[in-house]
Amino acid sequence: MSSIASVFAYDYDATAGTVGTKKAVITGMSIPGPYHLTRTLRIPKSDPNILIVQRGSDGNIDTSTVDASSGKSQVRLFNISSILATPVDYKSSGTVLGFGLRNSVGWAQHPITDEIVSISLLCY
């Protein structure tokens, strides 16, 4: 689960069917404007210890996104075991999968190759 600023995890006891307290595991993704507020999260079938997280830009024209260290308009990979043990800041952690992506909010996974594909739609 995520918000504009953070990704959260919950402890889960399958035997008891109970959910524990919410814990922020990735922080630092807030945006100072009304743009690209959603976050896309995905755990690939081929590697269930990886969490893929998307963060959009601060606006339709955001020149800072050309710099990968900005943490904007990016898709990053995070090791789930690591972030559960020690929460991290988005822009200074994880592995950059792609940047300059503006607002990559729809993803699919190829059923044979397991490749992750971004599906972006432009509507008028």
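In case you missed it, the structure is sitting above this.
These figures come from a predicted structure and were not determined experimentally. Residue numbering note: each chain is counted from 1, following its sequence as written. Local features in a predicted model are, by the rule used here, given only for residues with pLDDT of at least 70; side-chain atom pairs are given and counted only at 80 or more, and totals for whole chains, interfaces and linings are based on all residues. Only hydrogens and water are set aside; all other atoms, that is, all heavy atoms of the structure, feed into the side-chain values.

In DSSP terms, a helix is any run of H or I states spanning at least four residues, a strand is any run of E spanning at least two, and both are numbered starting from the N terminus. Each helix and strand counted, the protein chain has 1 helix and 9 strands in total. If one aligns the C-alpha atoms of the protein chain with their principal axes, the spans along those axes are about 50 × 35 × 30 Å. Only heavy atoms matter for contacts: two residues are in contact if any of them lie within 4.5 Å across the pair. In the protein chain, once contacts between residues fewer than 6 apart in sequence are set aside, the share between residues at least 24 apart is 47%. Taking the 10 positively charged and 9 negatively charged side chains of the protein chain as two groups, their mean positions are separated by 6 Å. None of His or the chain ends enter the tally, which takes Lys and Arg as positive and Asp and Glu as negative. In this description, the location of a charge corresponds to atom NZ of lysine, CZ of arginine, CG of aspartate or CD of glutamate.

The next subject is the packing of aromatic side chains. Only Phe, Tyr and Trp rings take part, Trp by its six-membered ring, and two of them pair if their centres are within 6.5 Å. Stacked means planes under 30 degrees apart, edge-to-face means over 60, and tilted covers everything else. Per the stated rule, a full pass over the model turns up 1 aromatic pair. Lysine and arginine charges are scored as sitting over a ring when NZ or CZ, respectively, is within 6 Å of the ring centre and within 35 degrees of the ring normal. For Lys22, the ring lying beneath its charged end belongs to Phe8, and the centroid distance is 4.5 Å. Above the face of the Tyr90 ring, Arg76 is positioned so that its terminal group lies 5.4 Å from the ring centre.

In short, DSSP must find at least two bridges between two strands for them to pair. The strand order E3-E4-E5-E7 describes an open sheet built from 4 strands, whose pairing is antiparallel. This sheet does not close on itself; its edge strands, each paired only once, are strand E3 (41-42) and strand E7 (95-99). Judged from the 6 bridges that link them, strand E4 (residues 50-55) and strand E5 (residues 74-79) form a sheet pairing that is antiparallel. Its bridge partner being in E5, Leu51 is matched across the sheet by Phe78.

Right, let's talk about the pairing of strand E1 (residues 7-13) for a bit. As defined by bridge partners, E1 adjoins strand E2 (residues 18-27) across 6 bridges and the pair is classed as antiparallel. When the sheet's bridge partners are listed, Tyr12 is paired in E2 with Val19. Between E1 and E2, which pair antiparallel in sequence order, lie 4 residues; one of them, Gly17, sits at a positive phi of approximately 70 degrees.

The next subject is the sheet that holds E2. Spatially, the 3 strands line up as an open sheet ordered E1-E2-E6, and their pairing is mixed. Among the strands making up the open sheet, the edge pair consists of E1 and strand E6 (88-89).

Moving on, we come to the side chain of Ser57. Checked against the element boundaries, Ser57 lands in the loop between E4 and E5. Burial classes: relative accessible area under 20% of the type maximum marks a residue as buried, over 50% as exposed, and values in between as partly exposed (1.4 Å probe, protein chains only). The buried category is assigned to Ser57, whose relative accessible area is 2%. In contact with Ser57, not counting residues within four places along its chain, are Ile31, Tyr35, His36, Asp62, Thr65, Ser73 and Arg102.

Moving on to the layout of surface pockets. Put plainly, a pocket is an open set of points on a 1 Å grid over the protein atoms alone with protein on both sides within 12 Å along at least five of seven lines, a cavity is a set where a 1.4 Å probe fits but cannot get out, and a lining residue has an atom within 4 Å of a point. Grid points are joined across faces, edges and corners, and a volume is the space filled by probe spheres set on the points. Its boundaries defined by the atoms lining it, the largest pocket holds a volume of some 150 Å³. Lining the largest pocket, in full, are Met1, Val7, Phe8, Ala9, Val25, Leu41, Ile43, Leu51, Ile80, Ile83 and Leu84. Those elements that provide at least two residues to the lining of the largest pocket are E1 and helix H1 (80-85). Among the residues forming the lining of the largest pocket, the class breakdown is 11 nonpolar, no polar and no charged. We call Asp, Glu, Lys and Arg charged. Ala, Val, Leu, Ile, Met, Phe, Trp, Tyr, Cys and Pro are nonpolar, and the rest, Gly among them, are polar.

Our next topic: the nonpolar core. As used here, the term nonpolar core means buried Ala, Val, Leu, Ile, Met, Phe, Trp, Tyr and Cys residues forming a set that is joined through side-chain atoms within 4.5 Å. Of all hydrophobic cores here, the largest spans 12 residues; its members are Val7, Ala9, Val25, Ile26, Met29, Leu51, Val53, Phe78, Ile80, Ile83, Val88 and Tyr90. Elements represented by at least two residues in this core include exactly E1, E2, E4 and H1. Excluding anything up to four places from it in sequence, Met29 contacts Ile4, Ala5, Ser6, Val7, Arg39, Val53, Arg55 and Tyr90.

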